Amino acid sequence: METESEPYVRLSTLRQLHQVVADLNTARSLADTLQTVADGVVAGLNYQLACVNLVRPDGDLVVAAFAGDPAAEALITGRVGSREAWERRLAMSVPWGDLRFIPHTEGWVLMDDDVPQWHTDGPAPRFEDEWHPHDRLYAPMYAPGARSAQPGGPAGAGRELLGVISVDRPRNGRHPGPWGQEALQMYASQSAIAISNARLRSNMQRALIRLEREQQALRASEESFRQAFEYAPSGMAIAELGGDQHGRLLRTNDALCRLLGRPASVMRRYSFADLVHPEDIGTLLRTSAEGGRAELRLGRRDGTYVWVSLRNSVVADTADGPRFLLTHVEDIEERKRHELQLAHRASHDALTGLPNSAELRSRLSARLCERPAHADAYQGPGPDPLPVAYEGGGHEAYEGGYEGGYDGGYEYGHEHEHGFGFEPAGGGAYDHHVHMVAPTGGDVDDGTKGLAVLFCDLDGFKSINDRFGHHTGDAVLIEVARRLTTGVRDGDTVARLGGDEFVVLADGLGSVDAADLAVRLRNAIIPPIRVDGRAVRVGASFGIGWAECGMTVEEVLNSADQRMYVEKRSRAKVHRRAG
């Protein structure tokens, strides 16, 4: 007869069970909970040894806690048994409700499997329910909420196994009776709840720690970005991407505000489209949002423009997709100025600053085409529209010859109104080609206006070089260049062809206008030129040619050159003396 069947024994055990179950809920961590489960079996259920085997993420079971024998605890804690071996043990065992019992008479087949175990030898039982050291009693722990197994069914069928409590050496030396089995089964159920709660708390704590770390990393990243944005040595801006206010500046750093001379509060009223130079708006619109680059001019507060390099990238939102445009703005004013200086040096004479031979040919070539102006008769309806362009509407005519036509002169090498050089060849009015024609009336003005090419050769320059040296000769060339440029209109070209030869391109002139211009320029050159306190004089011979479509650049220049030599030979030697 079981002593545990006595009412006062059951009450005492129930009180102990109540206490150990209460202790399960006071553990602060999963490891503490597992050790509390093992300790509770020894303290409240009257077993000398208890082991908690916990299911790992890979399915195998690890000895997570041990109670009752320090030597055994040191030996098997942390060891792992395969899931297959555990399932074999639970399947071959005798079901006591949810408990599983393997008597010593059958357990010998398990001696060599990989489940960690601790046992000692002992004599055969003296009576039927006496506990043998090789008896094995397991209390599987299943996830809360799972349905109970059918009596006699497979162990854990349809339920999630959390772990197994294995017990040994009951203090009364007997197999547990119905009350002891019920108490151990109930304790395993409560332990499963406590382990699940501990895992949940542990997962929540890890999630909170991870969230806090992510938030700290996000704050650190935002602060790093803010500092990198605000204190970047070059300009940076964040703008709207898409929507009704696409491109509107949301934020600009101090470097960009200084570059454009505008405070941040004012910058938020604009987009880059409001600030870009009108000629560069197409470049801006063609620049892609992601990885786009462009070099263009942005307006300063004082009305001037500065060359910048824009580089775009998209700041993406993981939920809504791209939202903001991050633009890096680099000041390239000095580089652009240097590039223009290099281009100017390549296209201009180093001594006089005038366009050189290559630039002259480029500008002249831009005005010519291969089709002669009157090679094909007009086949369309109505009158031929081509001559209309030369009846005063196609060119800026000289009214009254050159009288009053040279008020301001034309300074070569001056800067563009926005700070960068002259218009390139082929730009402006040259975008739409107008055929060049030449006057045919000789010295009589027939009303035709064309592009006059005046070829100028200095008379007596060689003798100055020979008598006074190249220093004086260079000074004479510089002064002649200055007098020629002040004697023509803005938009005309004065170029140095080489040596003492110059060429003037003057558009919209008739025959009389061109002849009058040659006389005026010659008269401007003749006055003495003072160099180092010495007055020297040079003369000039001019030949007038005309640029006409169907001619090559060389043909145009040769034509003017030949006329210059004709004019030089026809003039009396006294007019060509110098010195």
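### Focus: the overall build of the protein
Summing up its helical and strand segments, the protein has 15 helices and 18 strands in all. Burial analysis of the protein (579 residues in total) assigns 43% to the buried set. Here the analysis covers contacts within the protein between residues at least 6 apart in sequence; of these, 64% occur between residues at least 24 apart. Accessible area for the protein stands at about 30,400 Å²; split by element, carbon and sulfur atoms hold 52% of it.

### A look at the sheet that holds strand 1 (residues 47-55)
If you walk across this open sheet you meet the seven strands as 3-2-1-7-6-5-4, and the pairing is antiparallel. Each edge of the sheet is formed by a strand with only one pairing partner; in this case those strands are strand 3 (80-81) and strand 4 (94-96). Relative to strand 2 (residues 61-67), strand 1 is paired through six bridges, and the arrangement is antiparallel. What sits directly across from Ala50, in strand 2, is Ala67. Strand contacts of helix 2 (residues 30-44): strand 1, strand 2 and strand 7 (161-170), with the helix running at about 155° to strand 1, the strand carrying the most contacts. Its contacts with the sheet place helix 4 (residues 83-92) against strand 1, strand 2, strand 3, strand 4, strand 5 (99-102), strand 6 (136-142) and strand 7, and it is angled at close to 110° to strand 6.

### Let's talk about the packing of aromatic side chains
Counting across every chain of the model gives four aromatic pairs. These aromatic residues form a ring-pair network of at least three members: Trp96, Phe101 and Trp131. Arg159 extends its terminal NZ or CZ atom over the ring of Tyr142, reaching a point 3.9 Å from the ring centre. Taking the ring centre of Tyr270 as reference, the NZ or CZ of Arg262 above it sits at 5.2 Å.

### Side note on helix 10 (residues 333-347)
Between its terminal C-alpha atoms helix 10 stretches 21 Å, which fits the 21 Å expected from 15 residues at 1.5 Å a residue. Inspection of helix 10 places Glu333, Lys336 and Ser347 among the buried residues, and these make up the whole buried set. Projected onto a plane normal to the axis of helix 10, the buried residues spread over an arc of 70° and lie on a single side. Of the exposed residues in helix 10, those oriented more than 90 degrees away from the buried face are Glu334, Arg345 and Ala346.

### Quick word on the confidence of the model for the protein
Confidence in the prediction of the protein, expressed as mean pLDDT, is 82, and 82% of residues score 70 or more. Of all the helices and strands in the protein, helix 1 (residues 7-24) carries the lowest mean pLDDT, 73, while strand 2 carries the highest, 95. Ignoring residues within four places in sequence, the model shows residues 376-431, a span with pLDDT below 50, making 96 contacts including any to other chains. Confidence drops under pLDDT 50 across residues 574-579; counting only partners more than four residues distant or on other chains, this segment forms twelve contacts.

### Some details on the packing of helix 13 (residues 470-486) against helix 14 (residues 511-525)
Helix packing geometry: the angle between the two helix axes and the distance between the axes. The interhelical angle for the contact between helix 13 and helix 14, taken along N-to-C directions, is 145°, at an axis separation of 9 Å. The handedness of the crossing between helix 13 and helix 14 is right-handed. In this structure, helix 13 uses Val480, Arg483 and Leu484 to contact helix 14, whose residues at the interface are Leu521, Ala524 and Ile525. Here the contact of helix 13 with helix 14 is built from residues that sort into five nonpolar, no polar and one charged.

### A word on the side chain of Arg496
Here Arg496 lies in strand 14 (residues 493-498). Polar side-chain contacts of Arg496 include one of 3.2 Å to the side chain of Asp349. Once residues within four sequence positions are removed from consideration, Arg496 is found in contact with Asp349, Leu351, Thr352, Leu354, Pro355, Asn356, Ser357, Leu477, Glu501 and Phe502.

### Observations regarding the sheet that holds strand 14
Read across the open sheet, the four strands follow the order 14-15-13-18; overall the sheet is antiparallel. If you trace the sheet from one side to the other, it starts and ends with strand 14 and strand 18 (539-547), each paired once. In this sheet, adjacent strand axes meet at a mean angle of 25° when their direction is disregarded. Where strand 13 (residues 450-459) lies against strand 15 (residues 501-509), seven bridges are found, and the strand directions are antiparallel. Counted as the bridge partner of Val453 is Leu505 from strand 15. Its contacts with the sheet place helix 11 (residues 357-366) against strand 13, strand 14, strand 15 and strand 18, and it is angled at close to 130° to strand 14. Packing of helix 13 onto the sheet brings it into contact with strand 13, strand 14, strand 15 and strand 18, and relative to strand 15 it is tilted by some 5°.

### Description of the nonpolar core
Ranked by size, the top nonpolar core spans 35 residues in total, and within it Val41, Leu45, Leu137, Ile165, Leu184 and Tyr187 carry the most contacts. Put simply, the parts of the chain that give this core at least two residues each are helix 1, helix 2, strand 1, strand 2, strand 5, strand 6, strand 7 and helix 5 (178-230). With seven residues, helix 5 is the single largest residue contributor to this core. In terms of nonpolar packing, the next biggest core, distinct from the first, is built from 31 residues, Cys456, Leu458, Leu484 and Ala540 among them.

### Remarks on helix 4
What helix 4 keeps buried is the set Ala85, Trp86, Arg89 and Leu90. End-on, the buried residues of helix 4 take up no more than an arc of 130°, which puts them together on one face. Across from the buried face of helix 4, at angles greater than 90 degrees, the exposed residues are Glu84 and Ala91. Packed against the buried residues of helix 4 are strand 1, strand 2, strand 3, strand 5, strand 6 and strand 7.

### Considering the pairing of strand 7
Among the ten residues of strand 7, nine are classified as buried, and the element is accordingly described as predominantly covered. Of the strand pairs in this sheet, strand 1 and strand 7 are connected by seven bridges, and their pairing is antiparallel. Of the residues in strand 7, the one forming a bridge with Cys51 is Ser166. Examined bridge by bridge, strand 6 and strand 7 share six bridges and lie antiparallel to one another. What sits directly across from Pro140, in strand 7, is Val164.

### Observations regarding unusual backbone geometry
Located in the positive-phi region is Asn46, a residue other than glycine, with phi close to 65°. Within the element layout of this structure, Asn46 appears in the loop between helix 2 and strand 1. The partly exposed category is assigned to Asn46, whose relative accessible area is 32%.

### Quick notes on the side chain of Arg489
Inspection of the secondary structure puts Arg489 in the loop between helix 13 and strand 14. Under the relative-accessibility criterion, Arg489 is labelled buried at 11%. Separated by 2.6 Å, the side chain of Arg489 and the backbone oxygen of Asp507 make a polar contact.

### Let's talk about the pattern of salt bridges
With the rule as written, the count across this model stands at 32 salt bridges. Here Glu567 ties to Arg522 by a salt bridge, and the two come within 3.0 Å at their closest N and O atoms. Placement of the pair is Glu567 in helix 15 (residues 553-570) and Arg522 in helix 14, with a sequence separation of 45 residues. Counted as one network, the salt bridges with shared partners bring together Glu295, Arg335, Lys336 and Glu339.

What counts, and at which threshold
Residues numbered from 1 in each chain as written. Predicted model: local features only at pLDDT ≥ 70, side-chain atom pairs only at ≥ 80, totals over all residues. Heavy atoms only, no water. Helix = DSSP H or I, 4+ residues; strand = E, 2+ residues; numbered from the N terminus. Buried < 20%, exposed > 50% of the residue type's maximum accessible area, 1.4 Å probe, protein only. Contact = heavy atoms within 4.5 Å. Areas by Shrake-Rupley, 256 points an atom, 1.4 Å probe, with all protein chains shown as cover. Pairing = 2+ DSSP bridges. Axes fitted to C-alpha atoms, helices over the stretch in contact; angles between N-to-C directions. Phe/Tyr/Trp six-rings, centres within 6.5 Å; stacked < 30°, edge-to-face > 60°. Lys NZ or Arg CZ within 6 Å of the ring centre and 35° of its normal. Expected span 1.5 Å × (residues − 1). Arc of directions from axis to C-beta. pLDDT = per-residue confidence, 0-100. Left-handed = near helix turned anticlockwise from the far one by under 90°. Nonpolar A, V, L, I, M, F, W, Y, C, P; charged D, E, K, R; others polar. Polar contact = N/O pair within 3.5 Å; in protein donor to acceptor, adjacent residues only side chain to side chain. Core = buried A, V, L, I, M, F, W, Y, C linked by side-chain atoms within 4.5 Å. Salt bridge = Lys/Arg side-chain N within 4 Å of Asp/Glu carboxyl O.

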